[in-house]
Amino acid sequence: RFHEKGVRAMGRTARGVRGIRLVGDDELIEMDVLEGRGEILTVTERGYGKRTRVEDYRLQGRGGSGIINIRVTQKNGPVVGVMETAASDQIIMVSQQGKIIRMNVEGISVIGRATQGVRLLDVEEGDSVVSVVRLPERDEEAEAAKPVAAAPDEDEQPLSPDEEEASD
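A short tour of the structure in this document, coming up.

1. A word on the sheet that holds strand β7 (residues 129-134)
Next up, step 1: Here we have 3 strands laid out as an open sheet, ordered β5-β4-β7, and antiparallel in their pairing. Only two strands of the sheet have a single neighbouring strand rather than two, namely β5 (100-104) and β7. Across the sheet, the axes of successive neighbouring strands diverge by a mean angle of 20°, strand direction being ignored.
Next up, step 2: Note that strand β4 (residues 90-95) and β5 share 5 bridges and pair antiparallel. What sits directly across from Ile 92, in β5, is Arg 102.

Quick look at the structure:
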């Protein structure tokens, strides 16, 4: 976790700056700009996940080696997604074999950084979680007030400007 002011503006052909120093077979899975939602959600390949308070991740300098986010074991598998969430959010998880689940984030335990997490999705042998996304918040009143346009028939062609004048 580092402050965005540590990354300077560059031209489009620049190589960029190092965000994190990786060691061994470590991989960068996700990067997120924190918006003050309060918690970091981590989900693993075997369907485990957890929420951890943002404050549990100390602010460091850019290019550091980072800190442990989750204890990866054979039981929970590698991390597939990390994102900032709030208790009021919802997420959708999808498995390789097409299993999908939508759930409220508030039902996921808030626990420390160096833990394995809790079971979120029962993943069968040979299957794995491949994607997790946070659903955008919707303003229910704005959605209800928005007019719904009818979809045009496939055979229907738009009117030319001359035809539009004639129909008026």
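2. Quick notes on the side chain of Asn 76
Next up, step 1: Position of Asn 76 relative to the elements: it lies in the loop between β2 (48-53) and β3 (79-85).
Next up, step 2: Setting aside residues up to four positions removed in sequence, Asn 76 forms contacts with Thr 44, Glu 45, Arg 46, Tyr 48, Ile 70, Arg 71 and Gln 116.

3. Concerning the layout of surface pockets
Next up, step 1: Quantified by volume, the largest pocket comes out at close to 1700 Å³.
Next up, step 2: For the lining of the largest pocket, the element with the most residues is β3, which contributes 4 residues.
Next up, step 3: Counted by class, the lining of the largest pocket contains 23 nonpolar, 9 polar and 12 charged residues.

4. A closer look at the sheet that holds strand β6 (residues 118-119)
Next up, step 1: Spatial strand order, β3-β1-β2-β6: 4 strands in an open sheet with antiparallel pairing. Every interior strand has two partners, whereas the edge strands, β3 and β6, have only one.
Next up, step 2: Sheet analysis places β2 next to β6, joined by 2 bridges and oriented antiparallel. Looking across to β6, one finds that Tyr 48 is bridged to Arg 119.

5. As for the pattern of salt bridges
Next up, step 1: For the structure on display, the rule yields 3 salt bridges.
Next up, step 2: Here Arg 51 and Glu 39 are joined by a salt bridge, their closest N and O atoms 2.7 Å apart. In this pair, Arg 51 is assigned in strand β2 and Glu 39 in strand β1 (residues 39-44), connecting sequence segments 12 residues apart.
Next up, step 3: On the accessibility criterion, Glu 39 (14% relative accessible area) is buried.
Next up, step 4: For Asp 56, the salt bridge is made with Arg 53, and the minimal N-O distance between the two is 2.9 Å.
Next up, step 5: You can call Asp 56 partly exposed: its relative accessible area is 28%.
Next up, step 6: When its relative accessible area of 42% is taken as the criterion, Arg 53 is described as partly exposed.

Cut-offs used in this document
- Residues numbered from 1 in each chain as written.
- Predicted model: local features only at pLDDT ≥ 70, side-chain atom pairs only at ≥ 80, totals over all residues.
- Heavy atoms only, no water.
- Pairing = 2+ DSSP bridges.
- Helix = DSSP H or I, 4+ residues; strand = E, 2+ residues; numbered from the N terminus.
- Axes fitted to C-alpha atoms, helices over the stretch in contact; angles between N-to-C directions.
- Contact = heavy atoms within 4.5 Å.
- 1 Å grid on protein atoms, 1.4 Å probe; cavity = no way out; pocket = protein on both sides within 12 Å on 5 of 7 lines; lining within 4 Å.
- Points joined across faces, edges and corners; volume = space filled by probe spheres on them.
- Nonpolar A, V, L, I, M, F, W, Y, C, P; charged D, E, K, R; others polar.
- Salt bridge = Lys/Arg side-chain N within 4 Å of Asp/Glu carboxyl O.
- Buried < 20%, exposed > 50% of the residue type's maximum accessible area, 1.4 Å probe, protein only.

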